[in-house]
Amino acid sequence: MYIVRKLPLKKLFNTRDLGGMPAADGKVIRRNRLIRSGKLYKLPQKTVDKLKKKGVNLVIDLRIFTEREEYPDTVIEGAKYVHLPVLCTATPGITREKSMTKTMAIESRRIKSEFGTADNYMVAMYKMVLFSDEPAKLLKECLRLIIDNEGCVLWHCSGGKDRAGLVAMLVESLLGVDEKVIVEDYVASHRFQRGRFFWNRFGLMIAPLVPRFKKILFGMMAAKPRYIIDTMNEVKARYGSVTEYCRQRLDITDADIQKMRQKYLEPPRRGLFSQN
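Residues numbered from 1 in each chain as written. Predicted model: local features only at pLDDT ≥ 70, side-chain atom pairs only at ≥ 80, totals over all residues. Heavy atoms only, no water.

**Q** How would you explain the nonpolar core if you had to name every residue and give the values?
**A** Soluble globular proteins: nonpolar side chains tend toward being buried together. If you look at the biggest cluster of nonpolar residues, it comprises 68 residues, and the most contacted ones within it are Leu 34, Ile 146, Trp 155, Leu 170 and Tyr 245. In terms of residues, this core owes the most to one element, helix H4 (residues 118-131), which gives nine residues. Apart from residues lying up to four places away in sequence, Trp 155 is in contact with Leu 18, Leu 34, Ile 35, Arg 36, Ser 37, Ile 60, Leu 62, Ile 146, Ala 164, Val 167, Ala 168 and Val 171. (Core = buried A, V, L, I, M, F, W, Y, C linked by side-chain atoms within 4.5 Å. Buried < 20%, exposed > 50% of the residue type's maximum accessible area, 1.4 Å probe, protein only. Helix = DSSP H or I, 4+ residues; strand = E, 2+ residues; numbered from the N terminus. Contact = heavy atoms within 4.5 Å.)

**Q** Describe in detail the packing of aromatic side chains, supporting the description with residues and values.
**A** The tally for this structure, following the rule as stated, stands at six aromatic pairs. Ring geometry for Tyr 126 against Tyr 186: centres 6.1 Å apart, planes inclined by 85 degrees, an arrangement best described as edge-to-face. Here Tyr 126, found in helix H4, pairs with Tyr 186, found in helix H7 (residues 179-192); they are 60 residues apart in sequence, far enough to count as distant. In this structure, Tyr 126 and Tyr 186 share a single accessibility class: buried. Between Phe 131 and Tyr 239, the aromatic rings sit 6.4 Å apart at their centres with planes inclined by 20 degrees, giving stacked as the arrangement. With a gap of 108 residues between them, Phe 131 in helix H4 and Tyr 239 in helix H10 (residues 225-239) connect regions that are remote in the sequence. Classification of Phe 131 as buried rests on a relative accessible area of 11%. Among the aromatic residues, those joined into a cluster by ring pairs are Phe 131, Tyr 239 and Tyr 245. The ring of Tyr 71 carries the charged tip of Lys 39 above its face, separated from the ring centre by 5.0 Å. (Phe/Tyr/Trp six-rings, centres within 6.5 Å; stacked < 30°, edge-to-face > 60°. Lys NZ or Arg CZ within 6 Å of the ring centre and 35° of its normal.)

**Q** Could you give an account of the environment of Asn 120, naming the residues involved and the relevant values?
**A** Within the secondary structure, Asn 120 sits in helix H4. Through-space distance from the C-alpha of Asn 120 to that of Tyr 227 is 8.6 Å; in sequence the pair is 107 residues apart. Those residues in contact with Asn 120, other than ones at most four positions away along the chain, are Phe 115 and Arg 226. A distance of 3.0 Å separates polar atoms of two side chains, one belonging to Asn 120 and the other to Arg 226. (Polar contact = N/O pair within 3.5 Å; in protein donor to acceptor, adjacent residues only side chain to side chain.)

**Q** How would you sum up H10? Please name residues and give values.
**A** Taking 1.5 Å per residue, 15 residues should reach 21 Å; H10 reaches 21 Å between its end C-alpha atoms and fits that length. Directly after H10, the chain includes Gly 240, whose backbone phi takes a positive value near 100 degrees. (Expected span 1.5 Å × (residues − 1).)

**Q** Give me the side chain of Arg 33: which residues, what numbers.
**A** Within the secondary structure, Arg 33 sits in the loop between strand E2 (28-29) and strand E3 (34-37). Among buried Asp, Glu, Lys and Arg side chains, Arg 33 stands out as unpaired, with Glu 150 the closest opposite charge at 4.5 Å. Among the polar contacts made by the side chain of Arg 33, one reaches the main-chain carbonyl oxygen of Gly 151 at a distance of 2.8 Å. Non-local contacts of Arg 33, meaning those with residues more than four positions away in its chain, are made with Asp 17, Glu 150, Gly 151, Cys 152, Val 153, Lys 263 and Tyr 264. (Lys, Arg positive; Asp, Glu negative; His and termini not counted. Salt bridge = Lys/Arg side-chain N within 4 Å of Asp/Glu carboxyl O.)

**Q** Quick one: what's the story with the pairing of E3, residue by residue and with numbers?
**A** Burial along E3 is two-sided: Leu 34 and Arg 36 and Ile 35 and Ser 37, pointing in opposite directions, are all buried. Bridge count for strand E1 (residues 16-17) against E3 is two bridges, and the pairing is antiparallel. Directly across from Arg 16, in E3, lies its bridge partner Arg 36. Taken together, the four bridges between E3 and strand E6 (residues 152-156) define a ladder with parallel strand orientation. Paired with Arg 36 across the two strands is Trp 155, which belongs to E6. (Pairing = 2+ DSSP bridges.)

**Q** Break down the pairing of strand E4 (residues 56-61) for me, with residues and values.
**A** Buried residues dominate E4, accounting for five of its six residues. Both E4 and E6 contribute to a ladder of five bridges, which runs parallel. The residue bridging Leu 58 from the neighbouring strand is Val 153, located in E6. Note that E4 and strand E5 (residues 80-83) share four bridges and pair parallel. Its bridge partner lying in E5, Val 59 is registered against Tyr 81. Chirality of the crossover, the property in question, places the unit of E4, helix H2 (residues 65-70) and E5 among those that are right-handed. (Right-handed = clockwise from strand over helix to strand, strands pointing away.)

That's the geometry; what it means functionally is another story.
Dropping the structure here:
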């Protein structure tokens, strides 16, 4: 059984190397080539040094401008930074707000009236990102950067769960990772951030918000299997498979897939599921 493990990096609570993940043709993903993460805000020098040692030469920031202004990335010397602002909401207009805290309070009110529950909202949000023209255009650019990069690429959003999770789902699918492992990788975000989730939940409990809105926000913090499973099922219903979605919607060719697998896969070192 494959076990998803986070990288032991100070101030990075939801960062992991996809290396060691079982993929196509009995191979595994190479280590120090594909890293997903949350925000890189005020990282200590030791953490920066470890990322440099892993060979990170490309950082893809999926956050919108408001998030980047509030929590700017720490610079990793020698790495190229690319900003692809994927709007991760199922309702319009939130980019006009200056504070993300205020943004989420406003968004929670819309969720209750338009979607009923946080679970419904999360699935609708993921579908919006995958099937709307502007976010799909940015996902296409993100995959192109990953396909063409020589070195180690790190992509991130704010928490490392939603936008980073969707990109991970696409990359893992193209590399032939089994859906069960993709789901395990997605839900690991909740496990890795259990402590932060507790304190965020505590903060919401004492915040002056209507209880039903708090319940919505609690749900939005989670990484439930349903969110990614329902999303992949919708992709398969529309396109047949996640890979076919990438072909038809994101213009990923068979040559691109072959290039990715040659670049990012290798024979297992100590058995199929080894991560040592």
